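# Coordinates in review
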Amino acid sequence: METQERILVTIVAERILRDRLVERIRELGSRGFTLTDVTGEGSRGVHAHEWEGPSVKIETLVPPEIAERIVAAVARYFEHHAVIVFTSTVQVVRRQKF
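First, a word on what this report is: a plain description of the structure on this page. (Residues numbered from 1 in each chain as written. Predicted model: local features only at pLDDT ≥ 70, side-chain atom pairs only at ≥ 80, totals over all residues. Heavy atoms only, no water.)

## Things to note about the sheet that holds strand β4 (residues 83-92)
Spatial ordering of the open sheet is given by β2-β3-β1-β4, a layout of 4 strands whose pairing is antiparallel. Looking at which strands have only one partner, the edges of the open sheet turn out to be β2 (34-38) and β4. Going across the sheet, the axis of each strand differs from the next one's by a mean of 20°, ignoring polarity. Here helix α1 (residues 18-27) sits on the sheet and contacts β1 (4-13), β2 and β3 (55-62); the angle it forms with β3, its principal contact strand, is near 5°. The strands that helix α3 (residues 64-75) touches are β1, β3 and β4; relative to β1, the one it contacts most, it runs at about 15°. (Pairing = 2+ DSSP bridges. Helix = DSSP H or I, 4+ residues; strand = E, 2+ residues; numbered from the N terminus. Axes fitted to C-alpha atoms, helices over the stretch in contact; angles between N-to-C directions. Contact = heavy atoms within 4.5 Å.)

Quick look at the structure:
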């Protein structure tokens, strides 16, 4: 089975950022994403979910150049919001979907 390399971009953020982040990853070239409500514990000691609901995890599979743009766009929220972003290199089947 033939595969192709893509980058899995994973963003975990405060719920308040959900719509902004989804809109931005679409603008930057993502053709789709998975959105999940998540809970956990971070390093800040502040749990925004107590008043605004669970955090969100947004995952998208994109080519490397789009992944770089998404990471840079998410980084602008680091100073004032509880948000993390990380990437993983993956092999995808049905490469035409991504």
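## Examining the side chain of R15
Along the chain, R15 turns up in the loop between β1 and α1. Among the polar contacts listed, one links the side chain of R15 to the side chain of D37, at a separation of 2.5 Å. When sequence neighbours within four positions are dropped, the list of residues in contact with R15 reads D37, E52, G53, P54, S55 and V56. (Polar contact = N/O pair within 3.5 Å; in protein donor to acceptor, adjacent residues only side chain to side chain.)

## Some thoughts on the pattern of salt bridges
Tallied over the entire structure, the rule returns 3 salt bridges. Residue D37 pairs with R15 through a salt bridge whose shortest N-O separation is 2.5 Å. Placement of D37 in strand β2 and of R15 in the loop between β1 and α1 is noted, with a sequence separation of 22 residues between them. A relative accessible area of 48% means that D37 is categorised as partly exposed. Where D19 meets R18, a salt bridge forms, and the shortest distance between an N and an O atom there is 3.3 Å. Taking the relative accessible area as the measure of exposure, D19 reaches 53% and is therefore exposed. Overall, the relative accessible area of 27% leaves R18 in the partly exposed class. (Salt bridge = Lys/Arg side-chain N within 4 Å of Asp/Glu carboxyl O. Buried < 20%, exposed > 50% of the residue type's maximum accessible area, 1.4 Å probe, protein only.)

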